Amino acid sequence: MFVHNTWYVAAFAAEVESGKTLARRFLNEAVVLFRTADGQIAALEDRCSHRAMPLSAGHVEGDIIRCCYHGVEFNRLGACTRIPNQTRIPPSANVRHYPVVEKDHLIWIWMGDAALADPSTVIDSPEHNDPAWTWRPYNFHVKADWQLIIDNIMDLTHVPYIHARTIGGNPEQHYGADTKVEFDGNKVTLLRKMPNSVPPRSYVDAGGFKGRVDRWQEVRFEPRLGMTCRVNAGGCDAGTGAYEGKRDNGFMLANNHFITPETDKTSHYLWTICTTASKESGVPDVLFDQFFDTITEDEETLQAQQLRIDDNPGRPFVGIASDGAVNQARRVLSNMFEAEQGELVAAE
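Residues numbered from 1 in each chain as written. Predicted model: local features only at pLDDT ≥ 70, side-chain atom pairs only at ≥ 80, totals over all residues. Heavy atoms only, no water.

> Is there a simple way to think about the overall build of the chain in this case?
If you tally the helices and strands in the chain, you get six helices and 17 strands. Compactness check: the chain gives a C-alpha radius of gyration of 22 Å against a globular reference of 20 Å for 348 residues, within 12% of the reference. Taken over the C-alpha atoms alone, the chain extends approximately 75 × 50 × 35 Å along its principal axes. Here the chain, with 348 residues, has 48% of them falling under the buried criterion. In the chain, 60% of the contacts between residues at least 6 apart in sequence involve partners at least 24 apart. Side chains of the chain carry 34 positive and 47 negative charges; the gap between the two charge centres is 2 Å. (Helix = DSSP H or I, 4+ residues; strand = E, 2+ residues; numbered from the N terminus. Rg over C-alpha atoms; globule rule 2.2 N^0.38 Å. Buried < 20%, exposed > 50% of the residue type's maximum accessible area, 1.4 Å probe, protein only. Contact = heavy atoms within 4.5 Å. Lys, Arg positive; Asp, Glu negative; His and termini not counted. Charge placed at Lys NZ, Arg CZ, Asp CG, Glu CD.)

Listed below in structure tokens is the structure:
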């Protein structure tokens, strides 16, 4: 199941270099990304209309991309602008272009109906531009269904088990956390409080805690603004007002998960880890390395799940009490998918 009418992160902005092409597959469609001479991002179907040669194998020059097979040229909107030794250019020579937005060091792409793409709705990632935050980007290729990644983020009770060596903590504290799930039909918010907790290793390294802490985990999922899960987490010395908003005496994390389907069983998992810990202290680098290990553990888990799902694709999952936010997230995605299917039927 793919939801087309929303924004997905196609790449980090730094990945698309001037004069070069970047080939990726999104929602089972081959796409080429490139920059024009003035730095604008373009996204076209990665197939020349002449003989189906991938345009990503071609050359970017000024404002056009040139097919390496017979020299046919296209502008950033997919219009064929030149066919060597031919003056007439048939309309069928044009290729599909996809709306794109460059924002907060990210390149977002719209794979659905271009007429519905509204750049103003793209969700913000303010930590990427705020000097109070230090951040690092990562790009994982995960051999698993994209919805499994979202499930994983929306149910954080897996943290003490899968991530026992890094951000884990005590399993009983995680399952006993004060948990609240908010749902308004479009957005799912998961709020978790773990007061008086023993801090995991990564929190001790980042915050220098000597005793117990009040931890929080807040996850926001609003796919109509972009297929991402924004996680705000952190800890403060226990009893110092973390749950009343007094968090300056601890440290905060913003973990932004950008999930983009590649195929039915593979995904682009782009994410950034951001922290308010002082850059000069060296703590961010330690923390970022630990979170790389953390997400690697998630990647291994997701791929193991996918293998077992493939053994018996029709076998349903058994629900447990901690599935509340997962179920609501799936509900939002299902509603979006069904709405798109209804629009397609109506158009026919």
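> For this particular structure, what's the right way to read the packing of aromatic side chains?
Applying the stated criterion across every chain, the model contains seven aromatic pairs. Seen in terms of ring centroids, W7 and W110 are 5.2 Å apart; in terms of plane orientation they differ by 70°. Their pairing is edge-to-face. You can see W7 sitting in strand β1 (residues 7-12) and its partner W110 sitting in strand β10 (residues 106-110), a full 103 residues away along the chain. The exposure classification of W7 matches that of W110, with both residues buried. Following the ring pairs from residue to residue traces out a cluster consisting of Y138, F140, W271 and F292. If you follow R247 out to its NZ or CZ, it ends over the ring of W216, 3.9 Å from the centre. (Phe/Tyr/Trp six-rings, centres within 6.5 Å; stacked < 30°, edge-to-face > 60°. Lys NZ or Arg CZ within 6 Å of the ring centre and 35° of its normal.)

> What is the right way to look at the side chain of S322 in this model?
Assignment of secondary structure puts S322 in the loop between α5 (283-311) and α6 (324-347). Assessed through its relative accessible area of 18%, S322 is described here as buried. Once residues within four sequence positions are removed from consideration, S322 is found in contact with D155 and T157.

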